[in-house]
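# Descriptive structure summary
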Amino acid sequence: MSELTHVSPPRRIYIDKQSPKAFHALVQVSEAVRAAASEAGLDRTVVELINLRVSQLNGCAYCLDVHTTAALRAGESPRRLGVLSAWRDTGLFTPSERAALALAEATTDPVDAAAQESAYEAAQEVLSGDQISAAIWVAVTINAFNRVSIMSKHPVLPHHHE
């Protein structure tokens, strides 16, 4: 019997590098969304919770790494980050955070119309129109970045202190 050799798949094109103008436009959208969120009064930690929850749903390791660091830097607690994937089962998130997370999930997986309607109605009870719009735009934007990183297979590299 011959020994099988492992053949690595070809490295993918980093589409952000291959099409820098398109990627730069996405970055500009992200900056506008971050500004809109700030103007609407959405705390930076809420923005990062949305970024992380959407990245969890999409399985984007690169964005999870980037936004975990950003959330910690913004003052988010490791405990809340650790239970984020089960946020509905904890009492650790405020009503407005819960509303933003539900909107983010509905934006990421819009097929379930009933869940989408429920998330929107719940958000209207605790978030302003500007905050609802900003939360949805944050989810839309991180969904786009997730796809860029997933399709490019951006690596998660060790940090210098690891």
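Relevant structure appears above.
Here is a short report on the structure shown in this document. (Residues numbered from 1 in each chain as written. Predicted model: local features only at pLDDT ≥ 70, side-chain atom pairs only at ≥ 80, totals over all residues. Heavy atoms only, no water.)

### Overview of the packing of aromatic side chains
Rules: Only the six-membered ring of Trp is used, alongside the rings of Phe and Tyr, when aromatic pairs are assigned; centres must lie within 6.5 Å, and planes under 30 degrees apart are stacked while those over 60 apart are edge-to-face, with the rest tilted. Secondary structure counts use DSSP, requiring at least four H or I residues in a row for a helix and at least two E residues in a row for a strand, with both numbered from the N terminus. With a 1.4 Å probe rolled over the protein chains alone, any residue whose accessible area is under 20% of its type maximum counts as buried; one over 50% counts as exposed, and the rest are partly exposed.
Under the counting rule described, the total for this entry stands at 1 aromatic pair. Ring centres 5.8 Å apart and planes at 85° place the aromatic pair Phe23 and Phe145 in the edge-to-face group. Placement of Phe23 in helix α2 (residues 20–40) and of Phe145 in helix α8 (residues 129–152) is noted, with a sequence separation of 122 residues between them. According to the relative accessible area criterion, Phe23 is partly exposed, its value standing at 25%. Since its relative accessible area comes to 15%, Phe145 is described here as buried.

### Re unusual backbone geometry
Although it is not a glycine, Lys153 sits at a positive phi angle of roughly 55°. Locating Lys153 in the fold gives a position in the segment after α8.

### Digging into the nonpolar core
Condition: The set of buried Ala, Val, Leu, Ile, Met, Phe, Trp, Tyr and Cys residues whose side-chain atoms join them within 4.5 Å is what this entry labels a nonpolar core. Contacts are residue-level and defined by heavy atoms, with any inter-residue pair within 4.5 Å sufficient.
Counting residues in each nonpolar core, the largest one holds 36 residues, and the members touching the most others are Ile50, Leu84 and Leu103. Mapped by element, the contributors of at least two residues to this core are α2, α3 (44–58), α4 (61–73), α6 (95–108), α7 (113–126) and α8. No other element matches α8, which puts 8 residues into this core. Setting aside anything within four residues of it in sequence, one finds Leu84 in contact with Leu49, Leu52, Arg53, Gln56, Phe93 and Leu101.

### Brief notes about α7
Selection criterion: Expected helix span is computed as 1.5 Å times (number of residues minus one). Polar contacts, as counted here, are pairs of nitrogen or oxygen atoms within 3.5 Å of one another; within protein the pair requires one atom able to donate a hydrogen and one able to accept it, and residues that are adjacent in sequence qualify only if both atoms are side-chain atoms.
In this model, α7 (14 residues) spans 21 Å end to end at C-alpha, consistent with the 20 Å of a helix rising 1.5 Å per residue. Measuring from the side-chain oxygen of the N-cap residue of α7 to the backbone nitrogen of Ala114 gives 3.2 Å; that N-cap residue is Asp112.

### With respect to the environment of Gly59
Along the chain, the position of Gly59 falls in the loop between α3 and α4. Taking the C-alpha atoms as reference, Gly59 lies 21 Å from Ala115; in sequence the two are 56 residues apart.

### Notes on the packing of α4 against α8
Where we set the bar: Here an angle of 0 to 180 degrees is reported between the N-to-C directions of two axes, which are lines fitted to C-alpha atoms, with helices fitted over the stretch in contact. To sort the angles, those under 35 degrees are grouped as roughly parallel, those over 145 as roughly antiparallel, those from 65 to 115 as roughly perpendicular, and the leftovers as oblique.
At their nearest, the axes of α4 and α8 sit 8 Å apart, and the two run at 125° to each other. With respect to each other, α4 and α8 are oriented oblique. Contacts between α4 and α8 pair Tyr62, Cys63 and His67 from the former with Ile142, Phe145, Asn146 and Ser149 from the latter.

### Things to note about the layout of surface pockets
Gaps between atoms show up when a probe of the same size as a water molecule is rolled over them. Note the threshold: Here a cavity means grid points, on a 1 Å grid over the protein atoms only, where a 1.4 Å probe fits yet cannot get out; a pocket means an open set of points with protein on both sides within 12 Å along at least five of seven lines; lining residues are those with an atom within 4 Å of a point. Grid points are joined across faces, edges and corners, and a volume is the space filled by probe spheres set on the points. In this classification, the charged set is Asp, Glu, Lys and Arg, the nonpolar set is Ala, Val, Leu, Ile, Met, Phe, Trp, Tyr, Cys and Pro, and all remaining amino acids, among them Gly, are polar.
One number sums up the size of the largest pocket: a volume of about 380 Å³. Residue lining of the largest pocket: 23 residues in total, with Ser30, Arg34, His67, Ile142 and Phe145 positioned closest to the centre. Contributing elements (two or more residues each) for the lining of the largest pocket: α1 (15–18), α2, α3, α4 and α8. Here the lining of the largest pocket is built from residues that sort into 11 nonpolar, 6 polar and 6 charged. Taken together, 16 residues form the lining of the second largest pocket, with Arg88, Ala102, Glu105, Ala115 and Ala119 sitting closest to its centre. Of all the elements in the fold, those that place two or more residues in the lining of the second largest pocket are α6 and α7.

### Comments concerning a nonpolar patch on the surface
The condition that has to hold: Distance thresholds for patches are 9 Å for like charges and 5 Å for nonpolar side chains (Val, Leu, Ile, Met, Phe, Trp, Tyr), applied to residues having over 30% relative accessible area and no salt bridge. The Shrake-Rupley method, run with a 1.4 Å probe, gives the accessible areas here. Residue values count only the displayed protein chains as cover. The term salt bridge refers to a side-chain nitrogen of Lys or Arg lying within 4 Å of a carboxyl oxygen of Asp or Glu.
A cluster of nonpolar residues, Val29, Trp137 and Val140, forms a patch on the protein surface that exposes about 250 Å² of accessible area. Look at Trp137 and you get partly exposed, because its relative accessible area is 45%.

### Concerning α3
In a regular helix each residue adds 1.5 Å, so 15 residues correspond to 21 Å; α3 covers 21 Å between its end C-alpha atoms and thus fits that length. Counting buried positions over the 15 residues of α3 gives 12, a clear majority of the element. Within α3, burial applies to Thr45, Val46, Val47, Glu48, Leu49, Ile50, Asn51, Leu52, Arg53, Val54, Ser55 and Asn58. Buried residues along α3 sit in contact with α2, α4, α5 (78–82), α6 and α8. Trailing α3 by a residue or two, Gly59 shows a phi angle of about 70°, which is positive.

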